[in-house]
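The residues making up each chain are set out below.
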Amino acid sequence: MTAIAYLGLGSNQGNREENLRQAIRRLDALTGIRVLRASSVYETEPFGYVEQAAFLNMAVSVETDLSPEQLLEAALSVERELGRIRTVRWGPRTIDIDLLLYGTSCVSLEHLVIPHPGLSQRAFVLVPLRDIWEGGVLPGHNQTIDHYLSLLAEDQKGVREWGAINWEIGSDPSGS
Ligand code: GSY
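These lines cover the structure that appears in this document, whether it is placed above or below. It should be emphasised that the depicted structure is a prediction, and the values quoted were computed from it without experimental measurement. (Residues numbered from 1 in each chain as written. Predicted model: local features only at pLDDT ≥ 70, side-chain atom pairs only at ≥ 80, totals over all residues. Heavy atoms only, no water.)

**With respect to the overall build of the chain**
- A count of helical and extended segments in the chain gives five helices and eight strands.
- When the elements of the chain are put in sequence order from the N terminus, they spell out β-α-β-β-β-α-β-β-β-α-α-α-β.
- For a compact globule of 176 residues, the expected C-alpha radius of gyration is about 16 Å, and the chain comes in at 15 Å, within 12% of that figure.
- For the chain, the spread of C-alpha atoms along the principal axes amounts to about 45 × 40 × 30 Å.
- Across the 176 residues of the chain, 48% fall into the buried class.
- Counting only contacts in the chain whose residues sit at least 6 apart along the sequence, the fraction spanning at least 24 positions is 70%.
- If you sum the accessible surface of the chain, you get close to 9000 Å²; carbon and sulfur atoms cover 49% of it.
- Of the charged side chains in the chain, 15 are positive and 23 negative; the average position of the first set lies 3 Å away from that of the second. (Helix = DSSP H or I, 4+ residues; strand = E, 2+ residues; numbered from the N terminus. Rg over C-alpha atoms; globule rule 2.2 N^0.38 Å. Buried < 20%, exposed > 50% of the residue type's maximum accessible area, 1.4 Å probe, protein only. Contact = heavy atoms within 4.5 Å. Areas by Shrake-Rupley, 256 points an atom, 1.4 Å probe, with all protein chains shown as cover. Lys, Arg positive; Asp, Glu negative; His and termini not counted. Charge placed at Lys NZ, Arg CZ, Asp CG, Glu CD.)

**Focus on the pattern of salt bridges**
- This structure, assessed with the given rule, holds 10 salt bridges.
- For the salt bridge of D96 with R93, the shortest nitrogen-to-oxygen distance reads 2.6 Å.
- Connected via shared salt-bridge partners are R16, E43 and R160. (Salt bridge = Lys/Arg side-chain N within 4 Å of Asp/Glu carboxyl O.)

**Remarks on the site of the ligand**
- Near the ligand lie 11 residues; those nearest to it are T44, E45, F47, F55 and N57.
- Here a nitrogen atom of the ligand sits 2.7 Å away from a polar atom, N or O, in the main chain of E45.
- For the ligand, the accessible surface in isolation is 360 Å², of which the surrounding protein chains cover 95%.
- At the level of elements, β4 (55-64) and β5 (96-102) are the ones that each hand at least two residues to the shell around the ligand.
- Split into classes, the residues belonging to the shell around the ligand amount to five nonpolar, two polar and four charged. (Near = heavy atom within 4 Å. Polar contact = N/O pair within 3.5 Å; in protein donor to acceptor, adjacent residues only side chain to side chain. Nonpolar A, V, L, I, M, F, W, Y, C, P; charged D, E, K, R; others polar.)

**Structural notes on the nonpolar core**
- Counting 31 residues, the largest nonpolar core has L7, L9 and I97 as its most contacted members.
- Of all elements in the fold, only β1 (3-11), α1 (16-29), β2 (33-38), β4, α2 (68-81) and β5 reach the threshold of two or more residues within this core.
- At five residues, α2 tops the list of elements feeding residues into this core.
- Among all residues touching I97, those that are not within four sequence positions of it are L7, G8, L9, A23, L27, A75, V78 and E79.
- Grouped together as the second largest cluster of nonpolar side chains are 18 residues, L119, L126, W133 and L149 included. (Core = buried A, V, L, I, M, F, W, Y, C linked by side-chain atoms within 4.5 Å.)

**Side note on unusual backbone geometry**
- Across the junction of I114 and P115, the peptide omega takes the value -5°, indicating a cis bond.
- Structurally, P115 can be placed in the loop between β7 (113-114) and α3 (123-132).
- Not every positive phi belongs to a glycine, and N142 is a case in point at roughly 70°.
- As for its placement among the helices and strands, N142 is situated in the loop between α3 and α4 (145-151).

**Some details on the packing of aromatic side chains**
- Per the stated rule, a full pass over the model turns up two aromatic pairs.
- With 5.1 Å between their ring centres and 65° between their planes, Y6 and W133 make a pair best called edge-to-face. Within this pair, whereas Y6 is found in strand β1, its partner W133 is found in the loop between α3 and α4, the two being separated by 127 residues in sequence. (Phe/Tyr/Trp six-rings, centres within 6.5 Å; stacked < 30°, edge-to-face > 60°.)

**Details of α2**
- With 14 residues, α2 should reach 20 Å at 1.5 Å per residue; the first-to-last C-alpha distance of 20 Å fits that figure.
- All buried positions along α2 are accounted for by P68, L71, L72, A74, A75, S77, V78 and E79.
- The positive-phi residue at the C-terminal boundary of α2 is G83, with phi of around 85°. (Expected span 1.5 Å × (residues − 1).)

**Thoughts on the environment of L99**
- Tracing the backbone through its elements, the reader meets L99 in strand β5.
- Linking L99 and E69, residues 30 residues apart in sequence, is a C-alpha distance of 9.7 Å.
- Ignoring anything within four residues of it in the chain, the contact list for L99 reads A5, Y6, L7, P68, L71, L72, L112, I114 and H116.

**Comments concerning the layout of surface pockets**
- Computed from the structure, the second largest pocket encloses a volume of approximately 160 Å³.
- If you go around the second largest pocket, you meet 11 residues; those closest to its centre are E45, P46, F47, Q156 and K157.
- Sort the elements by how many residues they give to the lining of the second largest pocket and helix α5 (residues 154-157) lands first, with three residues.
- Class assignment for the residues of the lining of the second largest pocket results in four nonpolar, three polar and four charged. (1 Å grid on protein atoms, 1.4 Å probe; cavity = no way out; pocket = protein on both sides within 12 Å on 5 of 7 lines; lining within 4 Å. Points joined across faces, edges and corners; volume = space filled by probe spheres on them.)

Any link to function would need more than the numbers given here.
Structure below.
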């Protein structure tokens, strides 16, 4: 059985754009995951630990026949391949891949909570997700993305459109 899932991607270390591109390509290359849509890329002010560089954030939707836990493990494997080392909580990272939504499922395990906790309070997640979200109310929330964004004060948003990423193979001259 397949599900549509939504992943949030962020990078604030190294070549941020390339990190996002490689993450999407690697996810799409995995068995059981097909990337469907990618949002625009947004430059966002760091949330939590603020003494760090600005992030590039985006969201992708995937079709998957992996379970939520398998999809999480796949995301973590791509993080590891791209050199993500978990040191400081909230600290800088080459790539962060969060499992935001998995169909209409709600999951509450020690290591995995879906919808992602904090989803409805973070503009750096909500704004990219809005680009590609095809439903109305968010599963487990009963409100739309626009509703949650309207609750955030302007100075909490810190999100500006940065551009788009061509991630499909053959979309850049080097093909890398
Ligand atoms: O939760 C993802 C990692 N992260 C981010 C992020 O992706 N974007 C912004 N703007 N701030 C963040 N703080 C953390 S931790």
